[in-house]
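Residue-level structure breakdown
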Amino acid sequence: MKRIIPAIAVTALAALALSACSGSNGATSSLSPAPGDDEKVTITVWSGFADKELAVVDEALAGFHKLHPNITIKSEGSQDDDKIAQAVRGGTAPDVAISSNANALGQYCKTGAFQDLGGYIKRDDVNLSNIPQAVRDYTEYKGVRCSMPLLADDYGLYYNKALFEKAGITAPPKTMSELQADAEKLTELNPDGSIKVAGFVPTIGFYNNRLDVWAPQFGAQWQNGKGESSLATSKGWTDLFTWQKKMTDFYGQDKLTAFTSAAGQKYSADNAFQTGQIAMMFDGEFRTGFVDEQAPNISYATAPLPVADGRESSYGGSDVGGNIIGIPKGAKHVGAAWELIKYLSTDTKPLVQLANGLKNVPTTLDALKSPDLKFTGTLAPFLDIFSNKNSSSLPTTSNGAAFLKTATDFAVKWQTGGVSDLKAGLKDVDTQITNDAALQQ
Amino acid sequence: MSVQNLSTAASLPGTPPGGSAARAPRRGAGRAARRNRWTVLAFMSPWIVGFGVFIAYPLLATVFYSFTSYDLINDPVFVGLRNYVFMFTQDPLVWVAIRNTAFLVVAITVGRVVYGLLAALVLTKIKRGSGVFRTLFYLPALAPPVAAALAFVFLFNPGTGPVNQFLALFGVKGPLWFNDPALAKPTLTILALWASGEIMVVLLASLLDVPAEYHEAAALDGAGAMRRFWHITLPSISPVLLFAVINSIIVGLQYFTEAVVAGAVASGSSDAVGNIASLGYPDNSTLTFPMWLYEQGFHSFNMGYASTMAIVLFVVSAVFTIILVRQLRATGATEEE
């Protein structure tokens, strides 16, 4: 007995040491192999898609099943991030999860909620340089790649051509000064002074007027080189808030609030751009699908977002974000799950099929060049915006979109006149973001 | 052998004298007592198990997690008082959430109890069709919170809502309701009052239980309606009133779904209910304590900090409940008195 105990201890230590060597980024020894051709496997795929969109995804999944008849896919839609996280915590995670909330990626990678794919990428020699840099940035966290991109969104200027013609404007604005001048020309008031048609609504929080969409156009950096919050030190933020206030003052905050309060919901048929109550707005490529379906008679066009004055050379880019696809912790068929992820995120055929069906931008350079990609008319500018060198993405952080809430809360206070000292306010925002992040260290 | 043992032995004929004989009946009695104890425990076991699993364990676990950094996926890491320090010194939104919740607790409690009592008093006077009116008053309580919040945001829409259109008929410019940080909480309170039919039903039942003879006797003595209400009705229904108050405090403390939905829809982003950007819209005026706790625990993966918030909420609400019950006991408003 006395001999057995040390032997067990030594064996346990050896096992522990060996296990510590495996599972790290890039290690291939513990990677699950793809199931053999005669090994029948059923994998579960969760996504937030529903109805028509889910049908598009299912079609792409069917294409994978055709190539791998031994792998059957059970696709479940309407599964948001809350459900994915609960399933991971409860040990009932699906084999593959598609999330539309790329902001949560930092949390997923840091906590291991999504498994590290580095080893699989290395093993199968996946060429990541086929994915634009901005997309690679938002799909990994501090060097840990726990997801692959699956279609992206970028943002452009939507403008009502009929209203432009009426106001004698011949081309979309390229700078914020031009945007303001055009917005003033396009704005119409009711006899009581309330807004009838808004040239451009500058209210942060309204529709897709989000700081993450606005920031790149002003060169506003979220973090400095050391990864510290940099709202107070990046000049772009001061420019952004100053311009926003100037635009707000043109209308008057009260009038804007009354107008936005009465406007239709963002994705409903009575969206104020679709009803002709807003002449210009910032929105993603996905809006084209809504307009085509809900307001086919509106005459509109799209263009890259304007940039701050003095930043004309950076015209053409935008914020980029999108869906992420990964293998949650606790997945039962990891080998088969990776095969599916690799297929969906790197193979041109399913990417183009999904992009055409969902009206989102495909996430590989090969897919962007595919002749089968139907990005014509109002969708066409979004391909150029996506591949523009000035396009960028939000930083991935360990507490998800918490920094975005802190900054947006500040922006709301600012636009309602609740901030007297912009510089000091931005400094406070940096401090708060730093404190929030420290809670998880 | 002690005198006691001798006497015991003497009192039991047929048992041999000596220590063992003397202990036998006591052992029997002990066995019976033990058996009795096990029987009691067996009958109490469903409650004991339920209490342990659903109250004691979660409470103790929450206390433990409140001293940790815990993401619900990996093992918790002990961080001492860090979460408490963060809450009291570095999280401005927690104080906003506390203020909002305190407002809702007071407004909802006063509103529900007063509205419920007044409605119940009116219903006791109705002789014909009382069933219809009771149903009408109670019906809103059955409306799902999400549907109710959606309907209220539609009704109170500043531009297109029927409420402001009605006010416009009289030349009154309607306010922004859910879109105004100053009015968003009062509008939520109106929603809570509209759906407070269950309190009305409970108070109505207690009012109908007040013996009519008391009122008749007091009336003969010349007591007016107010005097009878104050000295007969109110003391008679005071235990139920206490229940109504505590129930309403709990409703206020747990206010969540309606606030989340109303904020998201009023912000124009009904597609993204629960999205961090529209949470508390407008200007965090509808951000309640449970919302911020949920956000921290399940979206920001700060379950350790969320546990800290839960403990503070538990302690504060326990203290207020104890004070309230003691005050009411002191004024003779509970059954024990």
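Residues numbered from 1 in each chain as written. Chains lettered and ligands numbered in written order. Predicted model: local features only at pLDDT ≥ 70, side-chain atom pairs only at ≥ 80, totals over all residues.

Topic: the overall build of chain A
The cut-off we apply is this: Think of it this way: any DSSP run of H or I at least four residues long counts as a helix, any run of E at least two long counts as a strand, and we number them from the N terminus. As defined in this context, the radius of gyration uses C-alpha atoms, and a globule is described by 2.2 Å times the residue total to the power 0.38. Three exposure classes are used, based on other C-beta atoms lying within 10 Å of a residue's own C-beta, which is placed from the backbone: buried for 20 or more, exposed for 12 or fewer, and partly exposed in between. Whether two residues are in contact is decided by their C-beta atoms, placed from the backbone, lying within 7 Å.
Looking only at helices and strands, chain A features 18 helices and nine strands. For chain A, whose C-alpha radius of gyration is 24 Å, the value lies close to the compact-globule estimate of 22 Å for 441 residues. A total of 441 residues make up chain A; the buried ones form 50% of that total. Restricting to contacts in chain A with at least 6 residues of sequence separation, those with at least 24 account for 75%.

Digging into unusual backbone geometry
Residues and elements named next belong to chain B. At the junction of tyrosine 281 and proline 282, the peptide bond is cis and its omega measures out at -5° in the coordinates. In this fold, proline 282 is placed in the loop between helix 12 (257-266) and helix 13 (289-299). Of note in the backbone geometry, aspartate 283 takes a positive phi value of approximately 50° without being a glycine. Tracing the backbone through its elements, the reader meets aspartate 283 in the loop between helix 12 and helix 13. Look at aspartate 283 and you get partly exposed, because 19 C-beta atoms sit within 10 Å.

Details of the pairing of strand 3 (residues 96-99) of chain A
All names here are of chain A. As a reminder of what qualifies: Two strands make a pair as long as DSSP finds a minimum of two bridges between them.
Going residue by residue along strand 3, you find Val96 and Ile98 tucked away on one face and Ala97 and Ser99 tucked away on the opposite face as well. Relative to strand 3, strand 1 (residues 41-46) is paired through two bridges, and the arrangement is parallel. Residue pairing across strands places valine 45 opposite valine 96, the latter belonging to strand 3. In terms of strand pairing, strand 3 meets strand 9 (residues 320-326) through three bridges, oriented antiparallel. Across the sheet, isoleucine 98 pairs through a bridge with isoleucine 325, a residue of strand 9.

Let's talk about the domain arrangement of chain A
Residue and element names in this part refer to chain A. The test is simple: Here the limits of each domain have been adopted from an automatic or database domain assignment. Each residue is assigned to one class: nonpolar for Ala, Val, Leu, Ile, Met, Phe, Trp, Tyr, Cys and Pro, charged for Asp, Glu, Lys and Arg, and polar for all the others, Gly among them.
What the domain assignment reports for chain A is domain 1 (35-152 + 320-385) and domain 2 (154-319 + 395-438). The distance between the C-alpha centroids of domain 1 and domain 2 comes to 30 Å. Taken together, the contact between domain 1 and domain 2 spans 20 residues of the former and 22 residues of the latter. Classifying every residue of the side of domain 1 that touches domain 2 by side-chain character gives 11 nonpolar, six polar and three charged.

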